[in-house]
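Observations on chain architecture
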Amino acid sequence: MQKFILSTLASVAMLFSMTVTGQIKGSVIEKSSGEPLQGAVVKFIEKAQNGKTATVLSGLDGTYAIKSLKAGSYEVEVTYVGYVAVKQNVTISGGENETLDFSLDREGAQLENVVVVGKTDRSDYITSQIERRSDNVINAVSAKTIEISPDLSVANVSQRVSGVSLQRSSNGEGQYAIVRGMEKRYNYTLINGIKIPSPDNKNRYVPLDIFPSDLLERLEVTKSLTPNMEGDAIGGVVNMVMKDAPERFSVKGSAAVGYAQTFWDGNKFSSFNHKNSSTLSPRIKNGESYLATMSDFDVSPFKTKASAPPMATNFNLSMGGRVLNNKLGILVAGSYQNSYRYITSTSFTTETDRVDNSVSFAKIIGRNYSVQQNRGGAHLRLDYVMNPMNKLKLYVGNVTLAENQFRFHSDTGLVLGRTGAGTGRVVNNRRTSRQIQNIFNVSLQGEHSISQEFSMNWSAVYSKATGNQPDRGNLVTSTGVIKDNSGKLVQQPEYLDNSTFRDWGRNKDEDKSGYLNFTYKSIIANTKVDWSFGGMYRDKNRNSDYDKYNIRPTPSPQLYYGDAAANTFSVFNPQGSSSDPLNYKAYEKVGAFYAMAKIETENLQVVAGARYENTDFNWVTSAPKTVEGAEGSIKYYDILPSVGIKYRLSMKQFLRLSYFSSISRPGFYEVTPHTFDDGISDYPEQGNPYLKRTTAENFDLRYEYFPKGLDQVLVGLFYKKIDNPIEYAIVERGANATYYSPDNFGTGSNYGIEFDMTKYFHSFGIKANYTFTQSSITTSKVRRFQKTEGGSSTLTQEEVDQTRPLQGQSKHIGNLSLLYKNSKRGIDLQLAGVYTGARINTVSPFLDNDIWQKGFVQLDFSAEVRVIKEIAVFTKINNILNTPYELEIRQKVTQAKADVVPLQEAGKNAFVRKDIYGANYLLGVRFKL
């Protein structure tokens, strides 16, 4: 028995020694830089007869691990696209953990500087290198990250960058970037480093929701300026680097369908027929002396059709490569997105009580929106390498965003929310609108090395942005409502109101620009010094046309039964709005020169210089000459110095310190003396021809640590001193005349801290950033109160100073993304959350009556799974938590007001508005050939 046990144990031990396996692990890196290579193929081929092959892919941090190998001899082959394959013979001992590391050489020339060519630019690694080697404080998002993210537009991509939050449109889509608490007016937008005009009918800033994200090669947000950059950015610069020609010919594309959660509740989508509406107003179409009649107005905009909600669709396609012995690169790309949404909104119009300065509620408003958006874009990129010293590049791009919107708006008397019987009046507003925004850009650029020391580059650019809102229909009706003691509502017949109108808005912003830059490389006292100088000139023309026709029921009153075609109307002002100041022409000429030096030693880099910008701005409106500001001109110049210091603490640690001076120019629309009331907004808008430009002094300090691969830790401090910041505020001008108007608000400051971290653990990754921002500005406010003297009381008011944050600035902004990637199975998962803290939405002229947007968390998810080698299925889910848009006034509601005003709760801040957007779902397929 003893012998049997011993022999059995010996047999088991021998069998174990033959079959037991240890773990083989290691990493795959690029030989020249030591950076990890994600997705490298590591293949173990057993040399024994009928030997097996085991394959594993390196993870997000370049590491791999395999456990299924038994003891023996193997040939290991490591491959990665664009790199020279490595083969190595190894002997593996059973039962032990072993480490095998591999380094690969890039095919052809090594990457010494950040010169973006072809597909390498799509890697997260190259984007990380741009952040590391840039002369500026910059954050960037690669096309690879964009592709697997939940984001469909450039606006939504930008919110993933540290210190960036979004201002959203009425349909819940991200629209404008707010950088470091600086509102959208303090930033500008570039395409491939070239400034573009705005299709917005009021402002300079560019709506980022017009750009499909799948056209991008990279998104950059620059937070400090150097002298060779245009100086009108206090917050930051958003640069969209468009897709470039890949090294090898390829075809890539995707197709997807989607659905909005808000339709699950049985809501119908209301559409209208806009095909018969004229794109031009009767006055513009027929001449200044033309008098419009009702035959000029098709009734289609007042006819809506409620139907089952259609599916959203998304398509994109790109193809390109290099020909003529790799001298000519060609890429053509296009994108189309069509979405449908249903949004509900509840809000109050508010007033300031004349007795105690508290918030009062004038009326409650219910809105619902049916919104269709068509977002499309196409571009062509060519680059021709004439010889090693000369290169030409051509870019032609066109993007369009068309939105059809039906909005039902109901103003309800507050009596409907009270207990007990009562009567009230309800005003219903049915608005149909179509808005088309377009940006066209063509640029020809040259890069020339005249000698080893002397080089130049130039750009000739034509850009045009247009906005067109043709034939917006606004049908207004009113009705009485009776409520009995039981709370039952009885609506009276609905009558047409005299506030019905049709209007047209059209604008064009056209730029012709030229850029010329020279660089001379020298060595002074064994120190490398690059001298750069150059300039630019832009001739901008902006035209704006506006016509509003008041349509009144004739005869009056008339009952409305749901079809405006059954009613008769007449045109109250057949001449249109030819004298409205919104009919204007503006001309702006900006010329700039700069000089700077870049000094580099082994561990120190200094970039210093100054920029001179001259601005010549003129406008002419159609308002009578007696109107103050009907014509005007502004001329000024600015000298904008800057200095940036980058110190290398070690091979992986850097310290940056920068200072720059910058400006922000008023918008064209803002300085025209217009008064515009669309009949829908809470307050009419009014221009201010006395607006001044904003100036700022900016300071940055950032510590950067790049431990390995794509891992990074960035910690920064910033401070901005701002003179004459421009903000919109509710102002009172004259008795019972309240407007929403821009103005300069003294001196402000803005400072904060940024933290940005990325860490990968083989198949898992985490990206997180947090920004704390504190801004302050002191302005005069009005305090209303009741004054008692000698036994009598009078209503009076006084001006007091109040310190508050800048409009649009959130104290806390945070991003957290959790990533999972299995390269072998082709799985990519991402859960992304964004927190945006409370911020001022609207500045009130009255003490403690500013309207705040409440802080919110938005959660998004995306997933991609490879089905076969070149085809993957993906999904994107936005706003999983159904996060609403909420406004409040930070005054506690009294019990007395809560008893008579619906939706208000005693002891809580005054409720002003809440919009519900719902989640949006997308499912599609992506292919690469």
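Worth saying up front: this structure is predicted, and the values here are computed from it rather than measured. Along each chain, the written sequence defines residue order, and numbers are assigned to residues from 1. Where local features are concerned, this predicted model is filtered to residues with pLDDT of at least 70; where side-chain atom pairs are given and counted, the filter is 80 or more; whole-chain, interface and lining totals use all residues. Computation of side-chain values: all heavy atoms of the structure, hydrogens and water removed.

Description of unusual backbone geometry
Among all residues save glycine, negative phi is the norm, and among peptide bonds the norm is trans. Look at the link from Thr554 to Pro555: it is a cis peptide, with omega at 0 degrees. Only runs of H or I of at least four residues qualify as helices and only runs of E of at least two qualify as strands under DSSP, and these elements are numbered from the N terminus. Secondary-structure assignment places Pro555 in the loop between strand 28 (527–553) and strand 29 (569–571). The residue after Ser556, namely Pro557, is reached through a cis peptide bond having omega 5 degrees. Mapped onto the secondary structure, Pro557 falls in the loop between strand 28 and strand 29. One non-glycine residue, Asn325, lies in positive phi territory at about 55 degrees. Checked against the element boundaries, Asn325 lands in the loop between strand 19 (312–323) and strand 20 (328–352). Remark: exposure states derive from per-residue accessible area (1.4 Å probe, protein chains only) relative to the maximum for the residue type, with buried under 20%, exposed over 50%, and partly exposed in between. Residue class for Asn325 comes out exposed when judged on its relative accessible area of 79%.

Considering the sheet that holds strand 14 (residues 216–222)
At least two DSSP bridges between two strands are required for those strands to pair. With respect to topology, five strands assemble into an open sheet ordered 9-14-15-12-13, the strand pairing being mixed. A single partner strand is all that each edge strand has here, and the edge strands are strand 9 (138–142) and strand 13 (194–195). As judged from the two bridges shared by strand 12 (residues 187–191) and strand 13, these two strands associate in the antiparallel manner. The residue bridging Ile191 from the neighbouring strand is Ile194, located in strand 13. In this fold helix 2 (residues 124–133) packs onto strand 9 and strand 14, with an angle of close to 170 degrees to the strand it touches most, strand 9. Any two residues whose heavy atoms approach within 4.5 Å are treated as being in contact. Here, axes are lines fitted to C-alpha atoms. For helices the fit covers the stretch in contact, and angles between N-to-C directions go from 0 to 180 degrees.

What about the sheet that holds strand 5 (residues 72–79)?
Sheets are built from strands that pair by backbone hydrogen bonding, the pairs being arranged parallel or antiparallel. Strands sit in the order 3-2-5-6 across an open sheet of four strands; the sheet is antiparallel. Of all the strands in the sheet, just strand 3 (53–57) and strand 6 (86–92) have a single pairing partner and so form its edges. Strand-to-strand twist across the sheet, computed as the mean angle between neighbouring axes with direction ignored, equals 20 degrees. When strand 2 (residues 41–46) meets strand 5, the two strands line up antiparallel, connected through six bridges. Looking at the pairing, Lys43 lines up with Glu77 of strand 5.

Focus on the pairing of strand 50 (residues 909–916)
With four bridges joining them, strand 20 and strand 50 adopt antiparallel strand pairing. Among the inter-strand pairings, Thr344 is bridged to a residue of strand 50, identified as Ile916. Direction of pairing for strand 49 (residues 885–892) relative to strand 50: antiparallel, over a ladder of six bridges. What sits directly across from Glu886, in strand 50, is Lys914.

Some points on helix 2
The element helix 2 is extensively covered by neighbouring structure, given that nine of its ten residues are classed as buried. What helix 2 keeps buried is the set Asp124, Tyr125, Ile126, Thr127, Ser128, Gln129, Ile130, Glu131 and Arg132.

Here we look at the environment of Val620
Relative to the elements of secondary structure, Val620 occurs in strand 31 (residues 604–621). Classification of Val620 as partly exposed rests on a relative accessible area of 38%. When the C-alpha positions of Val620 and Ile840 are compared, they lie 33 Å apart, and in sequence the two are 220 residues distant. Other than its neighbours up to four places away in sequence, Val620 contacts Asn583, Tyr584, Lys585, Ala630 and Glu631.

Some points on the environment of Gln686
With respect to the helices and strands, the residue Gln686 is situated in strand 35 (residues 685–686). Take Gln686: its relative accessible area is 15%, and that puts it in the buried class.

Some details on the pattern of salt bridges
Two side chains that carry opposite charge are able to pair once their charged atoms sit near each other. When a carboxyl oxygen of Asp or Glu lies within 4 Å of a side-chain nitrogen of Lys or Arg, that pair is called a salt bridge. Counted according to the given criterion, the structure contains 52 salt bridges. Its salt-bridge partner being Arg106, residue Glu30 comes within 3.1 Å of it at the nearest N-O pair. Residue Glu30 is located in strand 1 (residues 24–30), and its partner Arg106 is located in the loop between strand 8 (102–104) and helix 2; the two are separated by 76 residues in the primary sequence. Across the pair, exposure class does not vary: Glu30 and Arg106 are buried alike. For Arg665, the salt bridge is made with Glu613, and the minimal N-O distance between the two is 2.9 Å. Of this pair, Arg665 sits in the loop between strand 33 (653–664) and helix 6 (668–671) while Glu613 sits in strand 31, and the two are 52 residues apart along the sequence.

Quick word on the confidence of the model for the protein
Confidence along the protein averages 88 in pLDDT terms, with 93% of residues attaining 70 or more. pLDDT: the predictor's confidence for each residue, scored from 0 to 100. Across residues 1–20 the pLDDT falls below 50, and counting only partners more than four positions away or on other chains, this stretch makes three contacts in the model. The model gives residues 109–122 a pLDDT under 50, and that stretch makes 32 contacts with residues more than four places away or in other chains.

A word on the nonpolar core
If you look at the biggest cluster of nonpolar residues, it comprises 31 residues, and the most contacted ones within it are Phe211, Leu219, Met240, Met242 and Ile439. Secondary-structure elements contributing two or more residues to this core are helix 4 (154–158), strand 10 (164–168), strand 11 (174–179), strand 14, strand 15 (236–242), strand 20 and strand 22 (390–412). In contact with Met240, other than residues within four places in its own chain, are Val154, Thr189, Leu190, Ile191, Asn192, Ile196, Phe211, Leu216, Arg218 and Leu219. If you look at the next biggest cluster of nonpolar residues, it comprises 28 residues, including Tyr546, Tyr584, Ala586 and Leu806. Only buried residues count toward a nonpolar core. Its members are Ala, Val, Leu, Ile, Met, Phe, Trp, Tyr and Cys residues joined through side-chain atoms within 4.5 Å.

Quick word on the side chain of Asn567
Mapping Asn567 onto the fold places it in the loop between strand 28 and strand 29. Given the relative accessible area of 12%, Asn567 is considered buried. Side chain to side chain, Asn567 and Gln558 meet in a polar contact 3.2 Å long. Asn567 has contacts with Leu496, Gln558, Leu559 and Tyr560, leaving out every residue within four places of it along the chain. Under this definition, polar contacts are N or O atom pairs within 3.5 Å; protein pairs additionally need one hydrogen-donor-capable and one acceptor-capable atom, and for neighbouring residues in sequence, both atoms have to be side-chain atoms.

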